[in-house]
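Coordinate analysis (summary)
What follows is each chain in one-letter form.
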Amino acid sequence: MIRVEGLRKSFASQTGRVQAVDGVSFEAHDGQITGLLGPNGAGKTTTLRMLYTLMTPETGRVLVDDIDAAVEPMRVRARLGVLPDARGIYKRLTARENITYFGELQGLERGLIVQRTQRLVAALDMRDFIDRRAEGFSQGQRTKTAIARALVHDPGNVVLDEPTNGLDVMTTRALRTFLHGLREEGRCVLLSSHIMQEVAQLCDRIVVIAHGRVVAQGSPEELRAATGCATLEDAFVKVIGTDEGLFA
Amino acid sequence: MRTLWTILRKELLDAFRDRRMVLVAFVVMPLAIPLVLAGTNALGARKQSQQLEGQLQLPVIGAQHAPNLVAWLEAHNAKVLLPPADADAAVRSQEHDVVLRIDDGYADDWRAGRPAHVEMIFDSSRPLDSGMTVARARGLLDAYGETVGTLRLVARGVHPSVASPLQVAIRDVASPESRFDFSQQILPYLLLLLAFIGGMQLAIDSTAGERERQSLEPLLATPVARETIISAKILATAVFSLLSLAVTLLAYRLAFALVPSGGIDASFEVGSLGLAQLFLVILPIVLLGATVLTALAAFARSYREAQGYLPMLMFLPMIPTLVLMVAPVRTQLWMLAVPFLGQNQLILRVLRSERISALDWLVALGSAFGVVAIVWFIAARLYHREQLATSS
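Bear in mind that the values here come from a model prediction, so they are computed numbers and not experimental data. (Residues numbered from 1 in each chain as written. Chains lettered and ligands numbered in written order. Predicted model: local features only at pLDDT ≥ 70, side-chain atom pairs only at ≥ 80, totals over all residues.)

Of regular secondary structure, chain A possesses 9 helices and 10 strands. By the compact-globule yardstick of 18 Å for 248 residues, chain A fits well, its C-alpha radius of gyration being 18 Å. Each principal axis of the C-alpha atoms in chain A carries an extent, and together these give about 50 × 40 × 40 Å. When burial is assessed residue by residue, chain A has 48% of its 248 residues classed as buried. Long-range pairs, those at least 24 residues apart, make up 69% of the contacts in chain A with a sequence separation of at least 6. (Helix = DSSP H or I, 4+ residues; strand = E, 2+ residues; numbered from the N terminus. Rg over C-alpha atoms; globule rule 2.2 N^0.38 Å. Buried ≥ 20, exposed ≤ 12 C-beta atoms within 10 Å, placed from the backbone. Contact = placed C-beta atoms within 7 Å.)

Quick look at the structure:
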């Protein structure tokens, strides 16, 4: 369970301060997939970065399983599995070593790491490359390794920044199945995307962000009803005001 | 503590799988530095023995005025050559180290018992090239003058000791270890430089490199304190550079054992106590280097920018050596508190097998570790900056 209340964040730029996130509030519930939809530059990544405590919000707060991220950032991070925008994995280590390293950083015992890795390798179909060094991995192999290392500590909350970015159709489909599996296990899954189709297919709840603000949120049905549009895509374009930066 | 060890181990594994890094730290450095040093040293020793023991090449102008002097010189291992047309130019162009000119009135003066004029032409701005030859020539002339002077006194019935009211004896208290030769000047600098920047590749790779490869953000999203992360990276850098330093020193000793140095012992002889002392002296510099490099790499926006700071850092350990070369001063306690200067002094003392008091150790180690703590604090602060993980 993730709750975000009134987050604000601005950055200095050459033309003055830019308000990247301007009062974002939403909830992501356990056993649901929540999608953060918005065009590029809407403030999705910055919102997520505040959520996993990489950045400090100027105002507002983040609660993960009712723990305040500003007060106990370590406990919050232990309860999150994060696939950040930056997916870098260690190229001179094998996929397995990458996952093991993060398991140890999460304070897990060796035996447990082996067991969890085995499960993730099966779920993400990583058998072919698990013991290869990451140098020369395809985008899909890199993303899978990054997801596996983010989930090795079996977190109740999973945060994924543009998880399908750069993946081919087959891998995207496999990933979708994997995310549904996480939902069935009762986890709170929060992902960001600028792809309308993906969010429409995958998510139980959708939070639409534009210019650093939440412009609409609810289930797909609620969004359609509120805008009076027949399709979800039309509803998105209507609440955002433009389809610029979005992808069908 | 366990996570510290986890990160330290991973950084070292990562580094040792980087072939280029391992090649530089454990093959290139250990080969290049001792070979260059041992090579130049052997060359210098050969030149020295040639200049000392070889035949002295001595062009003489007006040799016909002083046949006895010329015969005496030739009897004392000097080869009297025909003079060049322009003596000054020949010396200036290093064709000859020294040219002797015997005055036209030499014979008349000699017979009249007046001091006869002999002129030595040399270039004093080249003490390294020609100093030894010039000194040899002067020594021969002095010896000839003294011999003849003694004979003249004896011929006049005066005891020669009347003309030598003073007899100066020399007792050199230098121990064999403290003879200050080339390698002893260069060794402290070499040790300090290697200790200081030996881990530069790893420091930059594990901080600026990690950020550039975008693996820092996932790392910072784990429940590990940033102080732990940076401490582990600093320690990994320190361990790596200590290993590289150990291999280089070993190669250094081997090189001097293999390359003949012409009777001049340019190697360093330290027992196991000396080695332990050297280790203790160098340890804070290794840590200081690792901390400074890691802080810089955390501050720099990119790998390239971090590398740009390196020439500046290489200059730091050089400063005390330069200062001591220009103005050699007696060691005072405050010097030991200055990083690099203090270590330089202590390394020299260890190499000369001199005693180092507990107070000396306290001052040197205390101050060096104090500086490490300050830089570590700065590095940890830098690691807390928001831009660290996101400015890519």
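The next thing to look at is the nonpolar core. The nonpolar side chains of a soluble globular protein tend to be buried with one another. Counting 143 residues, the largest nonpolar core has A:Val159, A:Val208, A:Ile209, B:Ala195 and B:Ala379 as the members making the most contacts within it. Those residues in contact with A:Ile209, other than ones at most four positions away along the chain, are A:Val24, A:Leu36, A:Leu37, A:Gly38, A:Ala42, A:Gly43, A:Lys44 and A:Val214. B:Leu56, B:Leu73, B:Val91 and B:Leu100 belong to the second-largest nonpolar core, a separate cluster that totals 13 residues. (Core = buried A, V, L, I, M, F, W, Y, C linked by C-beta atoms within 7 Å.)

Residues and elements named next belong to chain B. Taking burial as the measure, the 11 residues of helix α16 (residues 341-351) include 9 buried ones, the bulk of the element. Taken together, the buried positions of α16 are Leu-341, Gly-342, Gln-343, Asn-344, Gln-345, Leu-346, Ile-347, Val-350 and Leu-351. Once α16 finishes, Ser-353 follows within two positions and takes phi at roughly 55°, a positive value.

This paragraph deals with the pairing of strand β6 (residues 80-83) of chain A. If a strand is regular, its side chains alternate between the two faces of the sheet. Residues and elements named next belong to chain A. Taking every second residue as pointing to the same face, both faces of β6 are buried, with Leu-80 and Val-82 on one and Gly-81 and Leu-83 on the other. As paired strands, β6 and strand β7 (residues 157-161) are joined by 4 bridges and run parallel to one another. When the sheet's bridge partners are listed, Gly-81 is paired in β7 with Val-158. (Pairing = 2+ DSSP bridges.)

With that settled, the discussion passes to the pairing of strand β2 (residues 16-28) of chain A. Residue and element names in this part refer to chain A. With 10 bridges connecting them, strand β1 (residues 2-13) and β2 associate as antiparallel partners. In the strand pairing of β2, Ile-2 is matched with Ala-28. Where β1 folds back onto β2 in an antiparallel hairpin, the turn is made up of 2 residues.

Fair warning: the whole summary comes from geometry, so function is off the table for now.
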